[in-house]
Amino acid sequence: MSIENKTLHVALGERSYPIIIGRGCLDRIGLLLQDKLKASRARVVTNETLAPLYLARVQKALESASIASEAFILPDGEPYKNWDQLSHILTWLLETGAERNTPLLALGGGVVGDMAGLASALYQRGMPLVQLPTSLLAQVDSSVGGKTAVNHPLGKNMIGAFHQPSMVLIDIDTLKTLPEREFISGLAEVIKYGAIEDICFFEWLEQNHQRILSRETEALQHIIFESCRIKAKIVGEDERETGIRAWLNFGHTFGHVIETAQGYGVWLHGEAVAMGMGLASRLSVKERGLSEEESARLLALMQACGLPMDIPKIEADVWMRLMRHDKKTRDGQLRFVLLERLGKAVICSGVTDDAVTSLIKKSGKGSIDSATSPALAGFAQNDEVRD
Ligand code: NAD
Ligand code: GLY
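Computed from a predicted structure; not experimentally measured.

Draft legend 1. Structural view of the overall build of the protein chain. Of regular secondary structure, the protein chain possesses 13 helices and 11 strands. A compact globule built from 387 residues would reach a C-alpha radius of gyration of about 21 Å, and the protein chain, at 20 Å, matches this within 12%. A principal-axis box enclosing the C-alpha atoms of the protein chain has dimensions of 60 × 50 × 35 Å. Per-residue burial for the protein chain yields a buried fraction of 60% across its 387 residues. Contacts spanning at least 24 positions in sequence make up 77% of the contacts within the protein chain whose residues lie at least 6 apart. Accessible area for the protein chain stands at about 15700 Å²; split by element, carbon and sulfur atoms hold 50% of it. Taken as two groups, the 42 positive and 48 negative side-chain charges of the protein chain have centres that lie 3 Å from each other.

Written out as structure tokens, the structure reads:
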């Protein structure tokens, strides 16, 4: 079916940029680059899964607009989102003579987007970045807003920079090849937007989740548009996360622990975030008066979308040590994004360790402890984890 392209704008003064959402729009990347960036050369970063699917198409579109391109192909997966691979990208940019104004295109999911993003922030102190997100998670979240990072063995996304893209081009058709588990994982972030900011969108998701799971084009365009609209509004108000941008981390404080403690790649990011949103909604009932009914609605929607709700068994001391690494921590005090009601998030700093420990203890029996967690393997037993 044909649908019209839709365009949103992230309003950040001279760093403003468009988000274009449509079908088959990867084929227009050459003309768009020529028009917006006056580019005659480009570099593409992708991975070994995406390259056979979409790289030739992107390079053909560039060539047809007389833009010469070269590509770097990363191994696929979260475990490769690290400093070593980032360094390979930077070396390749030098070796291929990329210039400061050469656009770097990130063709892939959030891992490719975050790594190419950080490389583009660092190379010659900053080159233009164009996001071509292909996973649902990247299309609704990671390609927008300018956060770029690699993981460190001691913490996820701990090494990074803010670097806004010059353009985000979202081709919905790429979702046709996205594996089901990845698709469902991306839905966690979509649900997050409704939960933190927009009760009407949340209700729309409750009523239409079957259409989404069937990947109906119009439903997909709607959730991507609404998600990007909400994210663009929040980023436009608080680019550097000094305030409300932290709402976007609803569920992430718990989710990052699940991802890190298990070893990157065991749980998908969205799966871990979904479990984290489940925990955060329970904490919201205790700390902010969210009704039991609304907490249950959030859990029911995530379950109806096929997101896992079984919190893995992680010992309380591992939770606490890893949570202290969270980027929202201030002066050693944990801060959580909680819900006052569905559609209304709030940042909460007065939650006691006892309240968190009691929640965690009720949610799983620990089999991952300080000795077995890959994330804590490098720490002596009594070391304190500090920011
Ligand atoms: P991912 O990049 O690992 O992609 C998931 C898998 O799907 C990979 O195997 C990938 O090769 C494959 N894939 C992607 N698109 C495909 C397609 N169209 N067809 C077939 N296979 C496809 O993971 P993700 O879920 O996209 O992103 C997760 C990452 O994003 C995490 O590292 C997370 O920290 C980061 N993230 C960043 C931000 C941000 O604001 N920068 C926000 C949220 C998440
Ligand atoms: N995904 C969180 C943010 O972009 O701020």
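Past the structure itself, the notes keep going.
Draft legend 2. How the structure looks around the environment of E197. Counting through the fold element by element, E197 comes out in helix α6 (residues 180–197). Separated by 65 residues in sequence, E197 and Q262 have C-alpha atoms that sit 30 Å apart. Contacts of E197, omitting those with residues within four sequence positions, involve I230, K233, W247 and G343. Polar contacts involving the side chain of E197 include one to the side chain of K233, which spans 2.5 Å.

Draft legend 3. Up close: the packing of helix α1 (residues 29–37) against helix α2 (residues 50–64). It is the contact of α1 with α2, at a shortest axis distance of 7 Å, that shows an interaxial angle of 45 degrees. For the element pair α1 / α2, the angle class is oblique. Of the two possible hands of crossing, α1 and α2 adopt the one that is right-handed. Residue-level contacts link I29, G30 and L33 of α1 to V58, A61 and L62 of α2.

Draft legend 4. Here's a closer look at the site of ligand 1. Near ligand 1 there are 27 residues, and of these D76, E78, G110, S135 and T177 occur at the shortest range. Take G110: an N or O atom from its main chain is 2.8 Å from an oxygen atom of ligand 1. Between a nitrogen atom of ligand 1 and a main-chain N or O atom of K147, the distance comes to 2.9 Å. For ligand 1, whose free accessible area comes to 860 Å², the fraction covered by protein is 91%. When residues of the shell around ligand 1 are traced back to their parent elements, those giving at least two are α2, α4 (110–122), α5 (136–142) and β8 (155–162). Taken together, the residues of the shell around ligand 1 sort by class into 7 nonpolar, 11 polar and 9 charged.

Draft legend 5. Focus on the sheet that holds strand β1 (residues 6–10). Spatial ordering of the open sheet is given by β1-β2-β9-β6-β5-β3-β4, a layout of 7 strands whose pairing is mixed. Two strands close off the open sheet at either side, each with one partner strand: β1 and β4 (68–74). When strand polarity is set aside, the average angle formed by the axes of neighbouring strands in this sheet is 20 degrees. Where strand β3 (residues 41–47) lies against strand β5 (residues 104–108), 3 bridges are found, and the strand directions are parallel. The residue of β5 that forms the bridge with R43 is L104. Across the sheet, α1 lies against β2 (17–22), β3, β5, β6 (129–133) and β9 (167–171), angled at about 165 degrees from β9, the strand it touches most. Lying over the sheet, α4 contacts β3, β4, β5 and β6, oriented at roughly 165 degrees with respect to β5.

Draft legend 6. Fine view of helix α10 (residues 269–288). In terms of burial, α10 is largely enclosed, as 16 of its 20 residues are buried. In the segment just after α10, G289 is the residue with positive phi, at about 75 degrees.

Draft legend 7. Representation of the layout of surface pockets in the model. In this model, the second largest pocket occupies a volume close to 270 Å³. Taken together, E14, R15, S16, Y17, K36, F162, H163, Q164, P165, S166, E239 and R240 form the lining of the second largest pocket. Grouping the constituent residues of the lining of the second largest pocket by class yields 3 nonpolar, 4 polar and 5 charged.

Draft legend 8. Looking closely at the packing of aromatic side chains. The full count for this structure, using the stated rule, is 3 aromatic pairs. Relative to W92, the ring of F72 lies with its centre 5.4 Å away and its plane at 50 degrees, an arrangement referred to as tilted. Taken together, the positions of F72 in strand β4 and W92 in helix α3 (residues 83–95) put the pair 20 residues apart, joining distant regions of the chain. A single burial state applies to F72 and to W92, both of which are buried. Summarising the aromatic geometry, the rings of F254 and F336 are spaced 5.3 Å apart at their centres and angled 25 degrees between planes, so their arrangement reads as stacked.

Draft legend 9. How the structure looks around the site of ligand 2. In the neighbourhood of ligand 2, the contacting residues comprise D141, K147, K231, E241, R245, L248 and N249. Here K147 contributes a side-chain N or O atom positioned 2.9 Å from an oxygen atom of ligand 2. The contact in question runs from an oxygen atom of ligand 2 to an N or O atom on the side chain of K231, over 2.5 Å. Compared with its free state, where it exposes 200 Å², ligand 2 has 89% of that area covered by protein. Taken together, the residues of the shell around ligand 2 break down into 1 nonpolar, 1 polar and 5 charged.

The rules behind the values
- Residues numbered from 1 in each chain as written.
- Chains lettered and ligands numbered in written order.
- Predicted model: local features only at pLDDT ≥ 70, side-chain atom pairs only at ≥ 80, totals over all residues.
- Heavy atoms only, no water.
- Helix = DSSP H or I, 4+ residues; strand = E, 2+ residues; numbered from the N terminus.
- Rg over C-alpha atoms; globule rule 2.2 N^0.38 Å.
- Buried < 20%, exposed > 50% of the residue type's maximum accessible area, 1.4 Å probe, protein only.
- Contact = heavy atoms within 4.5 Å.
- Areas by Shrake-Rupley, 256 points an atom, 1.4 Å probe, with all protein chains shown as cover.
- Lys, Arg positive; Asp, Glu negative; His and termini not counted.
- Charge placed at Lys NZ, Arg CZ, Asp CG, Glu CD.
- Polar contact = N/O pair within 3.5 Å; in protein donor to acceptor, adjacent residues only side chain to side chain.
- Axes fitted to C-alpha atoms, helices over the stretch in contact; angles between N-to-C directions.
- Parallel < 35°, antiparallel > 145°, perpendicular 65-115°, else oblique.
- Left-handed = near helix turned anticlockwise from the far one by under 90°.
- Near = heavy atom within 4 Å.
- Nonpolar A, V, L, I, M, F, W, Y, C, P; charged D, E, K, R; others polar.
- Pairing = 2+ DSSP bridges.
- 1 Å grid on protein atoms, 1.4 Å probe; cavity = no way out; pocket = protein on both sides within 12 Å on 5 of 7 lines; lining within 4 Å.
- Points joined across faces, edges and corners; volume = space filled by probe spheres on them.
- Phe/Tyr/Trp six-rings, centres within 6.5 Å; stacked < 30°, edge-to-face > 60°.

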